[in-house]
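# An overview of the molecular structure
One-letter residues, chain by chain:
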Amino acid sequence: MSTNTSSDKSSNEIHVEPEQTAVTRRDFIKGSAALGAAAVGAHAGTTALGASPLVGAGAKRSAFPAPAFLQGTTLRVVGTGVTLLDPIKAQAEQDLGITLQYDVKDGLTAQQIAVTQPQSWDVYDQWFNSVKIVWGAGVAQPVDVTRLPEWENLSPLTKVGKINDEAKVGAGDAPVRLLYVQPDGSLGSDPTEQVSMLPLTFNVDAFGYQSDVVGSDDARSWAIFYDPDYRGRVGLYNDPATGLMDLALGAEAAGLATFADIGNMTRDEIDAILNLLIEQKQAGQFRAFWNSFDESVNLMASGEVVVESMWSPAVTALRTRGVPVVYASPQEGYRGWHGGIMINEQASGATLDAVYEYIDWWMNGWAGALVARQGYYFSIPENAREHLSEAEWDYWYGGQPAAEDMLAPDGGVVAEQGEVRDGGSYETRMSNIAVWNSVMDEHQYLVSKWNEFLSA
Amino acid sequence: MSSSSSPEAVATARPARPASESRLRLAAGSAWALLLAFPLAWLLAFLIIPVVVVLVVSFFEPTLSGFNRVFTLENYLLLAESDAFIRTLGNTILNALITTVVTFLLGFWVAYYLALVVPDLRRKFALFIIALAPFFTSFLIRAIAWIPMMGREGLLNTALLNLGITSQPLDFLLFSDFAVRVAMIQLYLLFMVSPIFFSLSAIDPAILEAARDSGAGWWAILREILLPLARPGIVIGAVFVFVLSMGEFATVRLIGGGKTSSVGLGIQNFVTYIQFPQAAAAASVLVLVTVAGVVVLFRYGRVAEGL
């Protein structure tokens, strides 16, 4: 298998796959028989399951050489539906000759799996607001940036903290504050050659609103969450590390609360905001809380809510369904988030090599272009640009009117010709981050207070 | 165990060969031991050990990414001090009681009809299978199905609006305690119907005939014969529904939409936030309260007498 250096991949697969399947199934049986080898069993089992990669028949090849030595390696990726997308999986499998097993969960569940079942994944594809928790659990190894040729091209947003000198860094867990592994193993912003999570996909979040019900004046501020005009029609994201930030920005804007550091609240500040929230909840202000992306779409589509803390692809999904939803550009600034990849502490040998190849493949921009069509940005914008049409680049990054209909990865029309992206260009949006998704020093206290809010 | 095995042994042993009787008894005894060893191991592995682990973890000190193995009572103190937890616990018990009572009031008549009104056995079981039909779909699907039914733009609200009964959608139909209770009653009704149905089916029709011949009316038969004889079924049904309702979290989350809570949902939240000791403490309290409820049901239900 390793001697097969033929550049003709299709003949390669025909010879390799059946043999591969047989071997791994046998391994699987042996593995399951031995109780102590549970991890081995799981690993081999997944290889057997995914041994006939259905590479999308129509998928175009990206200009990426498939390293022959990776043939047959399986990577188990746990993460969220934000980046674990079928087209990305198919393309990466085709380009790299590896088998990818995507375990798609909502954010908190993925984080929980990462921490509690470290034997079940090789790659953790998630967000920086889980870095403190996952790194703190000791289940990840640093990413060695010297193995990544594209590292030097990475955006200053994460390497330095802001895209240009005029931009705000944003309060809370800005990726740069958790990026570099310091000599003592802690995480900080002093550059080193080892990083906790390799930054890839990111965006700013706000709230969506139904434009036929909600006035655009009301939608200029996060304060809308407390607006009595929309009592009982507000949907919230059930996550203290992110959903709370939206509510805190709104409370500050509405003059209901103040924070010394909104990204790292004190106990008194947490008490104040949570008491306010409980009061509002009992008065019937909030209609529902969502945990998964699909729930957020359904809440708005079924008319249960008209204002909702949500992600931009949810707005995309609703618009392709014909629901008139607009993504707000709040004047107080956005809530930023940054995704990326962490490597399992246990990964070594061929698996580790495959992980680095997979990260390198990501950094080359094909996947970055795909997520751009969902409204996300990519940490090396120039590499994503190579895989986008000029019209797409101008619409998604440039903030210019669409020169033609913009298509989502599934082929649906996201924006018709002439439409302009909410919030403007990449520079405008990314310069205006008020706060990042954050795990505060008082996170545990916040979690129990948040649970009380949910029970109230 | 030996007393329960001896009738078997006696039945198997021939009186003509008394010498082999003790050997047979021994063989039957070890067969019973083997048969019981499996469920015992099962209970140990999947009930007792997990409960003990939960109990132990509930005394550990929580950290950002898990826990330290340091003894603390803090998790229980936090729960005791939290009005929200006490209120949630009260609400959970109330919901479980309401669900148990209402499923009994509805379920008894379903079982009564199936067991006593429907004449032949084949029709009885045909109808019973039909009653089971919704349970061929997954629990979650049945819970989710309430959303298009009771939502703001759902079937019920649309019907009420179109009929001119209401002038605007009723919000309490979904994402409320009311909605959660309705959904739980629907989800657990069958757990009440089945045991009552089997209890009622076991009643000898001759008893009812004799009662009627002695001049007992419908009400007297119900009170004096049916309810006492169905008691084991009722108590077992009540235990099923009560225990399931106490542990409920999925329905509460889906149908409650975050507007209402249960201890189970609180535990799930703590688990997703990786605060295992707090989750374990809440779980221990929940198990304690649930077991207390079951003990009360069995004691006052005097279930053993009816068997």
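Everything numeric here is computed off the predicted structure, so don't read it as measured data. (Residues numbered from 1 in each chain as written. Chains lettered and ligands numbered in written order. Predicted model: local features only at pLDDT ≥ 70, side-chain atom pairs only at ≥ 80, totals over all residues.)

## Thoughts on the pairing of strand β3 (residues 123-127) of chain A
All names here are of chain A. Counting buried residues along β3, five of its five residues qualify, which places the element largely inside the surrounding structure. As defined by bridge partners, strand β1 (residues 74-80) adjoins β3 across three bridges and the pair is classed as parallel. Across the sheet, the residue bridging to V78 is Y124, located in β3. By the bridge criterion, five bridges tie β3 to strand β14 (residues 334-344) in an arrangement that is antiparallel. Looking across to β14, one finds that Y124 is bridged to M342. (Buried ≥ 20, exposed ≤ 12 C-beta atoms within 10 Å, placed from the backbone. Helix = DSSP H or I, 4+ residues; strand = E, 2+ residues; numbered from the N terminus. Pairing = 2+ DSSP bridges.)

## Quick look at unusual backbone geometry
Residues and elements named next belong to chain B. The residue F175 is not glycine, and still its phi comes out positive at about 55°. Tracing the backbone through its elements, the reader meets F175 in the loop between α8 (155-162) and α9 (177-201). Residue class for F175 comes out buried when judged on the 27 C-beta atoms lying within 10 Å of it. One non-glycine residue, I274, adopts positive backbone phi at about 60°. Assignment of secondary structure puts I274 in the loop between α13 (263-272) and α14 (276-301). Since 26 C-beta atoms lie within 10 Å of it, I274 is described here as buried.

## Examining the packing of helix α8 (residues 243-253) of chain A against helix α9 (residues 267-282) of chain A
Residue and element names in this part refer to chain A. In the contact formed by α8 and α9, the axes pass within 11 Å of each other and the chain directions differ by 90°. Considering the angle they form, α8 stands roughly perpendicular to α9. Across from L247, A248 and A251 in α8, the residues of α9 making contact are I273, L276 and L277. The residue inventory of the contact of α8 with α9, partitioned by class, reads six nonpolar, no polar and no charged. (Axes fitted to C-alpha atoms, helices over the stretch in contact; angles between N-to-C directions. Parallel < 35°, antiparallel > 145°, perpendicular 65-115°, else oblique. Contact = placed C-beta atoms within 7 Å. Nonpolar A, V, L, I, M, F, W, Y, C, P; charged D, E, K, R; others polar.)

## Overview of the pairing of β1(A)
All names here are of chain A. Most of β1 sits inside the fold, with seven of its seven residues counted as buried. Both faces of β1 are covered, namely the face carrying T74, R76, V78 and T80 and the face carrying L75, V77 and G79. By the bridge criterion, seven bridges tie β1 to strand β2 (residues 99-105) in an arrangement that is parallel. The partner of T74 across the bridge, within β2, is T99. Between the parallel elements β1 and β2, the chain passes through helix α3 (residues 86-96) in a crossover that is right-handed. (Right-handed = clockwise from strand over helix to strand, strands pointing away.)

## Thoughts on the confidence of the model for chain B
Residues and elements named next belong to chain B. Chain-level pLDDT for chain B is 86 on average; 91% of the residues reach the 70-or-more range. Taking the mean pLDDT of every element in chain B, the minimum, 43, falls on helix α1 (residues 2-12) and the maximum, 94, on helix α4 (residues 83-117). Below pLDDT 50 for its whole length, residues 1-15 participates in 15 contacts with residues either more than four positions away or in separate chains. Taken together, the chains of this predicted complex give a pTM of 0.76 and an interface ipTM of 0.71. (pLDDT = per-residue confidence, 0-100.)

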